[in-house]
Amino acid sequence: MAVNEVLNMSDVKRWTGKKKAEAVLEIIKGRCTLVDFCRANDLNQSDVEKWMDDFVKGGTDSLKTNPKASRTEHRKQVNELQQVIGEQALQIRVLKKSIELQELEDSEY
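Described in the following lines is the structure provided in the data block. Keep in mind that what you see is a predicted model, and the values were worked out from it rather than measured.

Note that an α-helix has 3.6 residues per turn; residues three or four places apart therefore point the same way. Between the first and last C-alpha of helix H2 (residues 17-28) there are 16 Å, a value that for twelve residues agrees with the 16 Å anticipated at 1.5 Å per step. When H2 is considered as a whole, its buried residues turn out to be Ala23, Val24, Glu26 and Ile27. Relative to the axis of H2, the buried residues are bounded by an arc of 160° and lie together on one face. Turned more than 90 degrees away from the buried face of H2 sit Gly17 and Lys18, all of them exposed.

This part takes up the state of the cysteines. Inspection of every chain in the model, using the stated rule, returns zero disulfides. In this structure Cys32 is not part of a disulfide, and its nearest cysteine sulfur, from Cys38, lies 8.8 Å away. The buried category is assigned to Cys32, whose relative accessible area is 9%.

Rules and cut-offs
- Residues numbered from 1 in each chain as written.
- Predicted model: local features only at pLDDT ≥ 70, side-chain atom pairs only at ≥ 80, totals over all residues.
- Heavy atoms only, no water.
- Helix = DSSP H or I, 4+ residues; strand = E, 2+ residues; numbered from the N terminus.
- Expected span 1.5 Å × (residues − 1).
- Buried < 20%, exposed > 50% of the residue type's maximum accessible area, 1.4 Å probe, protein only.
- Arc of directions from axis to C-beta.
- Disulfide = S-S within 2.5 Å.

Given below as structure tokens:
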């Protein structure tokens, strides 16, 4: 990416994660300064600094664990939560049916 392309990404309509990562990498690599990038793209320096912090944190987190193990753990958590939701849905149906029966009983008297 040429320096002018790095500095002026004003054609970007929405700063997606991919575009933010590209910008952060260019700044980290020293192809442009944070101040120049922000000025050229009419962005707040604090916003871009947050992108940089998030980028580094994400990289750090991905290096801490085995990504496959993380996905397995995430899938396990999702399955457990889906089971809880299923149980709660069943409990709600039972309670509703119980209320209906009670109302029916009360109306007969």
